[in-house]
Amino acid sequence: MSQVASLSAVEVAYPGRGTVLGPFDLALTEGEIVALVGPSGCGKSTALRLLAGLEQPTAGTVTRTPERGQTAVVFQAPTLMPWADARTNVALPLELAGMAKVKARDQAQEALRAVGLENAIGSKPAQLSGGMAMRVSLARALVTRPRLLLLDEPFAALDEITRRNLADDIHRLWDQTRPAVVFVTHNVEEAAYMAQRVVVMSANPGKIAGQTTIDAPLPRPPGFRTSEVFRNAAEAVSHDLAKAMGQIQ
Amino acid sequence: MSRTLETLAPILLVAVLLGLWETACYLTGVPAYFLPAPSAVAAAMAQDWALLLASAWKTLSTALLALAFASLIACSLALIISTNRLLEKAVQPLAVALQVTPVVAIAPQVVIWAGLAHPDRAIISLAVIVAFFPIFSGALTGLKSTDPDLERLFDLYGATPWQRLLRLRIPSATPFVLEGHKVAGGLAVIGAVVAEFVAGSGGSQGLAWRILESSNRLQTAKTFAAVIVLSLMGALLHAVLQASEQAILRRFRGR
Ligand SMILES: Nc1ncnc2c1ncn2[C@@H]1O[C@H](COP(=O)(O)OP(=O)(O)OP(=O)(O)O)[C@@H](O)[C@H]1O
Ligand SMILES: [Mg+2]
């Protein structure tokens, strides 16, 4: 299994804020789903921006193998262009890369179908529900068939039912091309459900406080949420988090 | 029931006030040059309606032309300036200084520059100057008000500065630019009227001239008639601009 991206001994400091992250190490192998859990402000989004190449570390090295356009990011908010319909939003990465408009919109339509939104192609973001808008955002991330997919609390604004449906959708879509995925969340159960490996971070500065590997198939089999493996994994992550927050030794 | 009452309330208030005014004029016998009764104003309006309408159109068309010029200049300038931080910093104080200078203060000089034989040019220029700022600052604010995560997305996919401008910054600015035009429309009318006052010659046949002419002759009822036409025109323009802004925004956002 080859490495897609890695952070080695990276540190990030902001003027007037000091070091917010690091030293921090994280290596992503092909086809791996890693969840990043930690208290607010511990540097999860910062780590994601480093992996995306959107920001440079103050110290340490970032290695990235995906070429331009092979990295995709989904933010906490759907981050759609409000003036453009769903298809135009999804076609954006392709069109920015210079693909002809007709072809880009065809592929965008295909990506929207894959997330179950074939009927919302011409809808603008204001006409979509929160869950639908997030699906559009997901379709936009997947339309370029990325090798590295970075999700920054994509479910934060959604209700429990929608979150569960989207979690399974992400697994199903991931299974088609198997990109490396980093999934940031505040939710322990969600982390244990989504990922093969859950990295728990502590804050000030952001460091790794613990790791849990979950040995179960992806996409998750039906009934996984009530299984022993899931419960144990969630408990282990929960334990790491309590440690990271200084609640236990 | 309460809906109809709400629409009727302002009309009722105006009717009551007019009634009081009329009665007061009748009872006190105040001279018409000092305060004409509403009936006298209405009579003046009925008598001069063609002239008033022509004058109103003159002022309105001047304001609309000024709005178009201001829009063109302000949007282009905001576009150019938004591409360069240093340029923006350099221009800002100057823009603010010009904006807080009352149009009446510069009007006499502009009238001279435009040439005393061409009051129309001076009037248009002054209306353009006052209509310029709301559009300019709206466009500049809008061009910089893009969602930072969308900016990151454009970074991520390696957008060229040109793509970023056309596909992100200009669309993001649209609501601000529309709002700027709405404010600028009202200001253009005010600018045109102020400029007509300062130009102060019969060469401009706008509403301000009707006001000047009648008040110089102490035909106060005619003055009132012209003022009323002026405010009705302003209100109408505002309503039209407001409705177009909302219609465009609805289309823009899809609801
Ligand atoms: N551009 C910046 N300038 C200064 N400080 C910053 C900047 N970006 C982030 N920070 C700080 O760095 C720390 C880590 O931020 P980051 O957004 O990575 O945290 P996070 O773990 O994603 O938090 P959350 O769970 O609330 O999203 C925070 O304390 C934040 O205030
Ligand atoms: Mg964050």
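Residues numbered from 1 in each chain as written. Chains lettered and ligands numbered in written order. Predicted model: local features only at pLDDT ≥ 70, side-chain atom pairs only at ≥ 80, totals over all residues. Heavy atoms only, no water.

What to know about the overall build of chain B
Point 1. Along its length, chain B carries 9 helices and 0 strands.
Point 2. Each helix (α) and strand (β) of chain B, taken in turn from the N terminus, gives the series α-α-α-α-α-α-α-α-α.
Point 3. On C-alpha atoms alone, chain B measures out to a radius of gyration of 23 Å, which is more than a quarter above the 18 Å that the 2.2 N^0.38 rule sets for 255 residues.
Point 4. When the 255 residues of chain B are sorted by exposure, 40% land in the buried category.
Point 5. For chain B, the accessible surface area stands at approximately 14100 Å², while carbon and sulfur atoms represent 71% of it.
Point 6. Within chain B, the 13 negative side-chain charges are centred at a point lying 5 Å from the centre of the 18 positive side-chain charges. (Helix = DSSP H or I, 4+ residues; strand = E, 2+ residues; numbered from the N terminus. Rg over C-alpha atoms; globule rule 2.2 N^0.38 Å. Buried < 20%, exposed > 50% of the residue type's maximum accessible area, 1.4 Å probe, protein only. Areas by Shrake-Rupley, 256 points an atom, 1.4 Å probe, with all protein chains shown as cover. Lys, Arg positive; Asp, Glu negative; His and termini not counted. Charge placed at Lys NZ, Arg CZ, Asp CG, Glu CD.)

Quick notes on the interface of chain A and chain B
Point 1. Across the boundary between the two partners, chain A contributes 26 residues, which contact 21 residues of chain B.
Point 2. Of the roughly 2200 Å² buried between chain A and chain B on both sides combined, carbon and sulfur atoms contribute 64%.
Point 3. Along the contact surface separating chain A from chain B lie 1 salt bridge.
Point 4. Across the pair A:Glu95 and B:Arg167 runs a salt bridge, and its minimum N-O distance is 2.4 Å.
Point 5. Where chain A packs against chain B, one counts 5 residue pairs in polar contact (both at pLDDT 80 or more).
Point 6. Those elements that place two or more of their residues in the side of chain A that touches chain B are α1 (44-52), β5 (71-74), α2 (86-96) and α4 (130-142) of chain A.
Point 7. Here the element with the most residues in the side of chain A that touches chain B is α2(A); it accounts for 5 residues.
Point 8. Grouping the constituent residues of the side of chain A that touches chain B by class yields 14 nonpolar, 6 polar and 6 charged. (Contact = heavy atoms within 4.5 Å. Buried area = accessible area lost by both parts, 1.4 Å probe. Salt bridge = Lys/Arg side-chain N within 4 Å of Asp/Glu carboxyl O. Polar contact = N/O pair within 3.5 Å; in protein donor to acceptor, adjacent residues only side chain to side chain. Nonpolar A, V, L, I, M, F, W, Y, C, P; charged D, E, K, R; others polar.)

A look at unusual backbone geometry
Leaving glycine aside, a negative phi is the common case for residues, and trans is the common case for peptide bonds.
Point 1. The omega torsion of the bond from A:Asn204 to A:Pro205 falls at -10°, within 30 degrees of zero and hence cis.
Point 2. Here A:Pro205 lies in the loop between β8 (197-202) and β9 (207-213).
Point 3. Omega for the bond connecting A:Leu218 with A:Pro219 falls within 30 degrees of zero, at -10°, which places this linkage in the cis form.
Point 4. Backbone geometry at A:Arg145 places phi at a positive 50°, although glycine is not the residue there.
Point 5. Relative to the helices and strands, A:Arg145 is located in the loop between α4 and β6 (148-152).
Point 6. With a phi angle near 60°, B:Leu218 is a residue other than glycine that sits in the positive phi range.
Point 7. Its location among the elements puts B:Leu218 in the loop between α8 (207-216) and α9 (220-253).
Point 8. Classification of B:Leu218 by relative accessible area gives exposed; the value is 53%.

Quick look at the sheet that holds strand β1 (residues 3-14) of chain A
Strand pairs in the sheet, formed through backbone hydrogen bonds, run parallel or antiparallel to each other.
Residue and element names in this part refer to chain A.
Point 1. Read from one edge of the open sheet, 3 strands run β2-β1-β4, paired in antiparallel fashion. The open sheet has two edge strands with one neighbour each: β2 (18-29) and β4 (59-64). With direction set aside, neighbouring strand axes in the sheet form an average angle of 15°.
Point 2. Two elements, β1 and β4, share 5 bridges in a ladder whose sense is antiparallel. What sits directly across from alanine 5, in β4, is arginine 64.
Point 3. On top of the sheet, α1 reaches β1, β2 and β4; it is set at about 125° to β1, its chief contact. (Pairing = 2+ DSSP bridges. Axes fitted to C-alpha atoms, helices over the stretch in contact; angles between N-to-C directions.)

Points about the site of ligand 1
All names here are of chain A.
Point 1. As a matter of local geometry, ligand 1 sits amid 13 residues, with Arg17, Ser40, Lys44, Ser45 and Thr46 nearest to it.
Point 2. Here serine 45 contributes a side-chain N or O atom positioned 2.7 Å from an oxygen atom of ligand 1.
Point 3. Isolated, ligand 1 exposes 640 Å² of accessible area, and the fraction of that covered by the protein chains is 66%.
Point 4. Take the shell around ligand 1: its biggest share by element is 4 residues, from α1. (Near = heavy atom within 4 Å.)

Concerning the packing of aromatic side chains
Point 1. Evaluation of the coordinates by the stated rule reveals 8 aromatic pairs over all chains.
Point 2. Aromatic pair B:Phe132 and B:Phe133: ring centres 5.0 Å apart, planes at 85°, arrangement edge-to-face.
Point 3. Residue classification places B:Phe133 among the buried positions, given a relative accessible area of 8%.
Point 4. Connected via pairs of aromatic rings, a cluster forms that spans A:Tyr193, A:Phe224 and A:Phe230. (Phe/Tyr/Trp six-rings, centres within 6.5 Å; stacked < 30°, edge-to-face > 60°.)

Concerning the pattern of salt bridges
Side chains that differ in sign of charge can pair as their charged atoms come close.
Point 1. As enumerated under the stated definition, the model contains 23 salt bridges over all chains in all.
Point 2. Between A:Arg172 and A:Asp169 there is a salt bridge; the shortest N-O distance is 3.2 Å. On the criterion of helical spacing, the pair formed by A:Arg172 and A:Asp169 is a turn pair, its members being 3 residues apart in helix α5 (residues 160-177).
Point 3. A single salt-bridge network, built from bridges that share partners, covers B:Glu151, B:Asp155, B:Arg164 and B:Arg169.

Brief notes about a nonpolar patch on the surface
Residue and element names in this part refer to chain B.
Point 1. Together, Leu13, Val16, Leu17 and Leu20 give the surface a local cluster of nonpolar side chains, amounting to about 400 Å² of exposed area.
Point 2. As for its position among the elements, valine 16 is in helix α1 (residues 2-28).
Point 3. Valine 16 gets classed as partly exposed once you look at its relative accessible area, which sits at 47%. (Patch = residues over 30% accessible without salt bridge, like charges linked within 9 Å, V, L, I, M, F, W, Y side chains within 5 Å.)

Purely geometric numbers; function is a separate question.
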